[in-house]
Amino acid sequence: MDFVSIRIITSNVARLVEFYEKATGVPATWATEDFAELRTPSATLAIAGTRTVPLFAPGSAHPADNHSVIIEFLVDDVDRVHDNLTGLVSDFVNEPTTMPWGNRALLFRDPDGNLVNFFTPVTPAAIEKFTR
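Now for a description of the structure that goes with this document. Counting from 1, residues in each chain are numbered in the order their sequence is written. This being a predicted model, a pLDDT of at least 70 is required before a residue's local features are given, and a value of 80 or more before pairs of side-chain atoms are given or counted; all residues contribute to the totals for chains, interfaces and linings. The basis for the side-chain values is all heavy atoms of the structure; hydrogens and waters are excluded.

## Considering the packing of aromatic side chains
Move 1: A pair of aromatic rings is counted whenever rings of Phe, Tyr or Trp (Trp by its six-membered ring) have centres within 6.5 Å, and the orientation is called stacked for planes under 30 degrees apart, edge-to-face for over 60 and tilted otherwise. Tallied over the full model, the rule gives seven aromatic pairs.
Move 2: Their ring planes at 90° and their centres at 5.3 Å tell us that Phe19 and Tyr20 sit as a pair that is edge-to-face.
Move 3: Overall, the relative accessible area of 5% leaves Phe19 in the buried class.
Move 4: Ring geometry for Tyr20 versus Phe73: centroids 6.4 Å apart, planes at 35°, classification tilted. Note that Tyr20 is positioned in helix H1 (residues 13-24) and Phe73 in strand E5 (residues 70-74), a separation of 53 residues in sequence.
Move 5: Following the ring pairs from residue to residue traces out a cluster consisting of Phe19, Tyr20, Phe73, Phe92, Phe108 and Phe118. With a 1.4 Å probe rolled over the protein chains alone, any residue whose accessible area is under 20% of its type maximum counts as buried; one over 50% counts as exposed, and the rest are partly exposed. Helix and strand definitions follow DSSP, with helices as H or I runs of at least four residues and strands as E runs of at least two, each counted in order from the N terminus.

So, in structure tokens, the structure goes:
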């Protein structure tokens, strides 16, 4: 098995895609006006509109209703990225902070309120874990 993507359901696909394009520097590939993907070497962030939900199961997903998942991106320099996000992100949950497990992390909310973590490994163990 290979984990390949996570999908966010939103009521405003264009707004959320634009946010993630600016935040990550990754251009989106649009399949329809209701579905776009930001592909990275290791996984894809899919963004879909509410009109796609009935294709799976009506009422099974609700936009801007995430309270348990954190979307995470490995970045080269979280402090520099934090500086670049100032002005784009309106809700920083924390400033860059070194976590006990060895990552320097920046937690913020996207325009739909989803938690996003940009992190950089900084301890030898964390760096080794993420060396590709």
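## Description of the sheet that holds strand E7 (residues 103-109)
Move 1: In this description, strands pair whenever DSSP reports at least two bridges between them. Strand order in the open sheet formed by four strands is E5-E8-E7-E6, and the pairing between neighbours is mixed. The open sheet has two edge strands with one neighbour each: E5 and strand E6 (91-98). Mean inter-strand twist for the sheet, computed between neighbouring axes without regard to direction, equals 15°.
Move 2: In terms of strand pairing, E5 meets strand E8 (residues 115-121) through five bridges, oriented parallel. By the bridge assignment for E8, Leu74 is matched with Phe119.
Move 3: Every residue pair with non-hydrogen atoms within 4.5 Å of one another is taken to be in contact. Fitting a line to C-alpha atoms yields each axis, with helices limited to the stretch in contact; the angle taken between N-to-C directions then spans 0 to 180 degrees. Its contacts with the sheet place helix H3 (residues 78-85) against E6, E7 and E8, and it is angled at close to 20° to E7.

## As for unusual backbone geometry
Move 1: In this structure, Ala64 is a non-glycine residue whose phi angle is positive, near 55°.
Move 2: Here Ala64 is to be found in the loop between helix H2 (53-56) and E5.
Move 3: Among the residues examined, Ala64 registers a relative accessible area of 47% and is labelled partly exposed.

## Side note on the pairing of E7
Move 1: E7 sits mainly inside the fold: five of its seven residues count as buried.
Move 2: Looking at chain direction, E6 and E7 are connected through five bridges and run antiparallel. Among the inter-strand pairings, Asp91 is bridged to a residue of E7, identified as Arg109.
Move 3: Hairpin connection between E6 and E7: a loop of four residues separates the two successive antiparallel strands, and Gly102 in this loop has a positive phi of roughly 100°.
Move 4: Sheet topology note: the E7/E8 ladder contains seven bridges and is antiparallel. If you follow Asn103 over to E8, its bridge partner there is Pro121.
Move 5: Hairpin remark: E7 followed by E8, antiparallel, with five residues in the connecting loop; positive phi at Gly113, about 90°.

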